[in-house]
Structures are given as structure tokens and as C-alpha cells.
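# Topology and contacts: notes
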Amino acid sequence: MQIIDLGQIRYKDAERIQMERLDAVVTGAEQTLYLLEHDPVITFGRNGGRENLHVSDEHLSAAGIDLVHSSRGGNITCHFPGQLVAYPIFRIAKRPGGMRQFFNDLEEIVIRTASDFGVTATRQDGRPGVWVENRKICSIGIGMKKWTSYHGLALNVQRDVELFRMITLCGLADAEPSSLAQELNRDELPMQEVKDVLTRHFQTIFTHSTVAQG
């Protein structure tokens, strides 16, 4: 597994990089994990979600927020600086448990990462992602091509999650957005430290890897 940090990047640019790498990994290239933060964007998954958007396209455009229809699974979500996104381009056909276990492993990585920072997070039946009670700290949406994954997880790290106020989070009326910093009542967390911890758990659950800069 190669790990590449893309820094802060627009959603469409990261999607293009993912798709190029996806085609290479499908044909045998080294599996790759991308770490990044997105410029502000609201995305719809394959399950739609426009009914859960509370502002107009014109409002988003004026605020400099992109609006994207994504090929990932799931409903509506958003990305922004201060949220750590991880996109694993992994072959999973031969992994025990297939896609269900792969999704479970992504949740487990976030649960362990949160625990290392002193936050007790859990799964909830019928509600994908990672939660602290009714507060969602991580969304997960996966795409699949020839049993190779793309898209991935988005872990809210810093306090500011106000972009979620423009949507009904994942279409769940009782869900509230939260973050590691909010749960710890901290003004800020060191993003690089969170990246390092998350990476370590990816390595533990999947494989040892090399690190590169994008």
C-alpha cells in the first residue's frame, strides 16, 4: 500500500486522481491510500439526497461551495477544510468478508482513531458511519469497480462543522454533526497527528505501506 497526502484539494480534482489510480490498481498497480482535505463541497451519493439540501444552488455558488453528484454510495454529505478524508484504492475481491467486511474495517479504523484521542465512538445498526450517541463524526461512502474500492471515509476533526447545517445529514432528521475537537471540547486538534494515527490503523488492519507526498 502506498500512502499519498494530497493536502487540500477540490473534490473534482481528487475524484479525477482517484479514477486514474483506480484503473491502474485494477490492472495490478500498487494499492493506494489518499489522505486529503477538500475545499467546501456538498455531494450527493448514488442514493440521491437533493431533498435534504436546504439552500439553493445559487446560494452555494455565491458562498464558494461546490455541488457535486458523486459515484459513491450513500445520501447527501459535505466536505470542508478541517475534515480528514481518506480514499483507499484497494483490491478487496480476495479479502474475507468482501465489501461488508471492508466497510466494517473502515468504521473500525475510525473507532480506533477516535479512541486514541479519548473519544468513545461506535457503530449504529442501520446507520453507516461512526457515531457518538446521535452525533455523527464520520461518514463513509464507497464506490467499487471490478472489486476495487474508491471513495472512502470523511472524519470530522476540527470544531467547525457548520456546513452540515445546510443539509439534513445523510437524510437522518435526528442526526447531529460533531467532530473530534467538539467531543473533546478543544479549539483545535493537530491534523497531522490525526493523519498519523489514522494511517497507523489502516496499516494495522490492511498492510504495511510506504509513504509519499502528492
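Each value, and the rule that gives it
Residue numbers run consecutively from 1 along every chain, following the written order of its sequence. Where local features are concerned, this predicted model is filtered to residues with pLDDT of at least 70; where side-chain atom pairs are given and counted, the filter is 80 or more; whole-chain, interface and lining totals use all residues. Excluded from the side-chain calculations are hydrogens and water; all other atoms, namely the structure's heavy atoms, are used. Any Lys or Arg side-chain nitrogen located within 4 Å of an Asp or Glu carboxyl oxygen qualifies as a salt bridge. In this description a helix means any DSSP run of H or I spanning at least four residues, a strand means any run of E spanning at least two, and both kinds are numbered starting from the N terminus. Contacts are assigned to residue pairs that have any heavy atoms within 4.5 Å of one another. Each residue's exposure class comes from its accessible area (1.4 Å probe, protein chains only) as a fraction of the maximum for that residue type: buried when under 20%, exposed when over 50%, partly exposed otherwise. A pair of strands counts as paired when DSSP detects no fewer than two bridges linking them. Every angle, taken between N-to-C directions, lies between 0 and 180 degrees, and every axis is a line fitted to C-alpha atoms, over only the stretch in contact when it is a helix.

Scanning all chains against the criterion turns up 15 salt bridges. In this structure, the salt-bridge partner of Asp105 is Arg95, at a minimum N-O distance of 2.8 Å. Linking Asp105 in helix α3 (residues 98-116) with Arg95 in the loop between β6 (83-89) and α3, this pair joins segments that are ten residues apart in sequence. The salt bridge involving Glu162 is made with Arg165; its shortest N-O contact spans 3.9 Å. Counted as one network, the salt bridges with shared partners bring together Glu107, Glu108, Arg112 and Arg123.

Moving on, we get to the environment of Ala29. Here Ala29 lies in the loop between α1 (11-26) and β2 (32-38). Each C-alpha atom, one on Ala29 and one on Met1, is 9.8 Å from the other, the two residues being 28 residues apart in sequence. Apart from residues no more than four positions distant in its own chain, Ala29 is found in contact with Arg21, Ala24 and Arg91.

This part is about unusual backbone geometry. Positive phi outside glycine occurs at His151, with the angle close to 60°. Within the secondary structure layout, His151 lies in strand β10 (residues 148-156).

Structurally, Val197 is set in helix α5 (residues 191-205). By relative accessible area, Val197 is classed as buried at 9%. In sequence terms Val197 and Asn134 are 63 residues apart; their C-alpha atoms lie 24 Å from each other. If sequence neighbours within four positions are ignored, Val197 has contacts with Thr113, Asp116 and Phe117.

Time to look at the sheet that holds strand β3 (residues 41-44). Within the open sheet, the three strands sit side by side as β4-β3-β5. Their pairing is mixed. Edge positions in the sheet fall to β4 (66-69) and β5 (76-79), since each has one partner strand and no second. On average, each strand axis in the sheet is inclined to that of its neighbour by 25°, with strand direction left out of account. Direction of pairing for β3 relative to β5: antiparallel, over a ladder of four bridges. In the sheet register, Phe44 faces β5, and the bridge partner there is Ile76.

Buried residues dominate β6, accounting for seven of its seven residues. Because side chains alternate across β6, one face comprises the buried residues Gln83, Val85, Tyr87 and Ile89, and the other comprises Leu84, Ala86 and Pro88, equally buried. Across five bridges, β2 lies against β6 in antiparallel orientation. Each residue of the ladder has a partner; that of Leu35, found in β6, is Ala86.

Let's shift gears to the side chain of Thr77. The residue Thr77 is located in strand β5 in this model. Under the relative-accessibility criterion, Thr77 is labelled buried at 6%. Apart from the residues within four sequence positions on either side, Thr77 is in contact with Val41, Ile42, Thr43, Arg72, Ser139, Phe164 and Ile167.

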